[in-house]
Amino acid sequence: MQKLIVKGKKILSGTVKISGSKNATLPILAASILSEKKIEINNVPLVKDVMTMSELLKHIGSGIKVNLKKKKFIINNKKRKFKTVAPYSLLKTMRAGVIVLGPLLSKFGKAKVSLPGGCAIGSRPVDIHLFGLKKLGARIKIKNGYIFAEAKKGLVGAKITLPSISVGATENVIIAASYAKGTTYINNCACEPEIKNLTDFLKKMGVKIFWMNKRKIKIIGNQNLKPVNHTMMFDRIEAGTFIIAGALAGRRLKITGIESKILKKELTVLKKMGINLKIRKNEVTVFHSNKIKSISINTEPYPGFPTDLQAQIMVLMIKANGVSKIRENIFENRFMHVPELNRMGAKIKIKGNLSVIDGPQELNGAEVMATDLRASVSLVLAGLIGKNRTSINRVYHLDRGYECLEKKLKKCRANISRLNY
Ligand code: EPZ
């Protein structure tokens, strides 16, 4: 096991270049199952979940090759014999693996994929995924913890209205429809930038895709795909995390390699909190901010405030003057970081899906426990501003979604190190 040790109260300054997006890379890797032409993916984030997905692809027969040095994945599925089974052993740590269901079913007419199971933040059902695939003609049954799906004559385009907004379900159905016969309309889509990056990738493959409005998409399936060279978009959650780190402990912290227009909501919230920002098209610089103002926010599907930054903005609210509130509307159990922050001296109360943060509070370093990916990074942020030392246990949660976090923080003068224990 490993832990991170953070010595607090260091001023952050310098430049951080943001890595490629984990949540854009995972569906694009799944979509590669559809093609037998060469695929080159650049700027891939070398984080645990992406490596797990590459293992899953290898396991089912993909011709994926990983170039760690160049952060490049080359995929060549020509003449590859695919297995259409995605086992629990590979999905139990990475629920997003369920996203291979759509491509396997669409390409091979059948798939047996483990039900992903729940995690710390929620039960993570897949009913909306299955709803959409059934509309495309799939026959689906659940048995012994697995999804058995088949479409003997292949999937057929359909008019689908998803019952509620789901990132993964939207991605699964878009990928499946991309190889289906005929035209598919999907209403009530999630419209996260990562989904836009997926449709950009699929268009390069030769699939005709049109965003008809914010949440409606038209897909004309294509089974004669083209070679693709794609560069991953930046990780907007990593970018938001570092901008908040700068707001907490920065004197002048520049975050580069981003598209600030994608961070519109987050930057608006930070400006309302009185954070001193210089915003350019592809970079944001955070300066020391004297008085941080309290605020109340809701987490919402894009373009609302992202649930994946909820734990991080909460740490900034601890430093704000007055009472702040966060209503978590996406996941049913995403306040696991609160008890750990309170052990460091925060004064946060939970009332159902509402957290009430009383600020400003001084934090003291402590031994804390990470519970999920974004909660773990909020404990690192708390360690940056806490007195003395904070040690964050179960740092494997962090490694799922942040590439070289301590190296990037050290480069900005944080005092952070990793220990084996
Ligand atoms: C994606 O998860 C992201 N993961 C999550 O990021 C992110 O928090 C989430 O979208 C919301 O933005 C990846 O992209 C790999 P959803 P996903 O389907 O697709 C319910 C991180 O930290 N739901 O949009 O699983 C679900 O329970 C991770 O990087 C159903 O009820 O999220 C949740 O309450 C954490 N039935 C809500 O919808 C379904 O079939 C939104 O989930 C699917 C989802």
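Shown above is the structure to which this text applies.
Residues numbered from 1 in each chain as written. Predicted model: local features only at pLDDT ≥ 70, side-chain atom pairs only at ≥ 80, totals over all residues. Heavy atoms only, no water.

**Q** How should the site of the ligand be read in this particular structure?
**A** Around the ligand, the structure places 21 residues, and the nearest of them are Asp-127, Ser-166, Gly-168, Asp-308 and Ile-330. Pro-125 has a polar backbone atom sitting 3.3 Å from an oxygen atom of the ligand. Contact distances for the ligand include 2.7 Å between an oxygen atom and a backbone N or O atom of Gly-168. Out of a free accessible area of 820 Å², the ligand has 82% covered by protein chains. (Near = heavy atom within 4 Å. Polar contact = N/O pair within 3.5 Å; in protein donor to acceptor, adjacent residues only side chain to side chain. Areas by Shrake-Rupley, 256 points an atom, 1.4 Å probe, with all protein chains shown as cover.)

**Q** Would you take a moment to explain the packing of helix H6 (residues 167-178) against helix H7 (residues 193-204) for this structure?
**A** The axes of two packed helices give the description: the angle between them and the distance between them. Put simply, H6 and H7 touch, their axes get as near as 11 Å, and they point 10° apart. Between H6 and H7, the interaxial angle falls into the category roughly parallel. Contacts between H6 and H7 involve Val-167, Thr-170, Glu-171, Ile-174, Ile-175 and Ser-178 from the former and Ile-195, Leu-198, Thr-199 and Leu-202 from the latter. A breakdown of the residues in the contact of H6 with H7 according to their chemical character gives six nonpolar, three polar and one charged. (Axes fitted to C-alpha atoms, helices over the stretch in contact; angles between N-to-C directions. Helix = DSSP H or I, 4+ residues; strand = E, 2+ residues; numbered from the N terminus. Parallel < 35°, antiparallel > 145°, perpendicular 65-115°, else oblique. Contact = heavy atoms within 4.5 Å. Nonpolar A, V, L, I, M, F, W, Y, C, P; charged D, E, K, R; others polar.)

**Q** Would you mind showing me how to read helix H8 (residues 236-249) here?
**A** Structurally, the α-helix is built with 3.6 residues per turn, so residues lying three or four positions apart point the same way. The first and last C-alpha atoms of H8 sit 20 Å apart over 14 residues, in line with the 20 Å expected at 1.5 Å per residue. The opening residue of H8 is Asp-235, an N-cap whose side-chain oxygen sits 3.0 Å from the backbone nitrogen of Ile-237. (Expected span 1.5 Å × (residues − 1).)

**Q** What is the right way to look at helix H5 (residues 127-135) in this model?
**A** Along H5, the residues classified as buried are Ile-128, His-129, Leu-130, Gly-132 and Leu-133. Along its buried surface, H5 packs onto helix H4 (101-108), strand E8 (139-143), strand E9 (146-150), strand E10 (159-161) and H6. Trailing H5 by a residue or two, Gly-137 shows a phi angle of about 105°, which is positive. (Buried < 20%, exposed > 50% of the residue type's maximum accessible area, 1.4 Å probe, protein only.)

**Q** I would appreciate a short explanation of the packing of aromatic side chains in the present structure.
**A** The relation between two aromatic rings is expressed through the spacing of the ring centres and the mutual angle of the planes. Under the criterion given, the structure shown has one aromatic pair. The ring of Tyr-421 carries Lys-3 above its face, with NZ or CZ at 5.0 Å from the centroid. A cation sits over an aromatic face here: Lys-141 above Phe-148, 4.9 Å from the ring centre. (Phe/Tyr/Trp six-rings, centres within 6.5 Å; stacked < 30°, edge-to-face > 60°. Lys NZ or Arg CZ within 6 Å of the ring centre and 35° of its normal.)

**Q** When you look at the sheet that holds strand E24 (residues 415-420) in this model, what are you seeing that I'm missing?
**A** Pairing between sheet strands relies on hydrogen bonds along the backbone, with the strands arranged either parallel or antiparallel. Strand order across the open sheet formed by four strands is E22-E23-E1-E24, with mixed pairing between neighbours. The sheet terminates laterally at strand E22 (367-369) and E24, the two strands that pair on one side only. Along the sheet, successive strands turn relative to each other by an average axial angle of 25°, direction set aside. Of the strand pairs in this sheet, strand E1 (residues 2-7) and E24 are connected by six bridges, and their pairing is antiparallel. Among the inter-strand pairings, Ile-5 is bridged to a residue of E24, identified as Ser-417. Here helix H12 (residues 373-385) sits on the sheet in contact with E1, E22, strand E23 (389-393) and E24, set at roughly 30° to E1. (Pairing = 2+ DSSP bridges.)

Taken by themselves, the reported measurements are silent on function.
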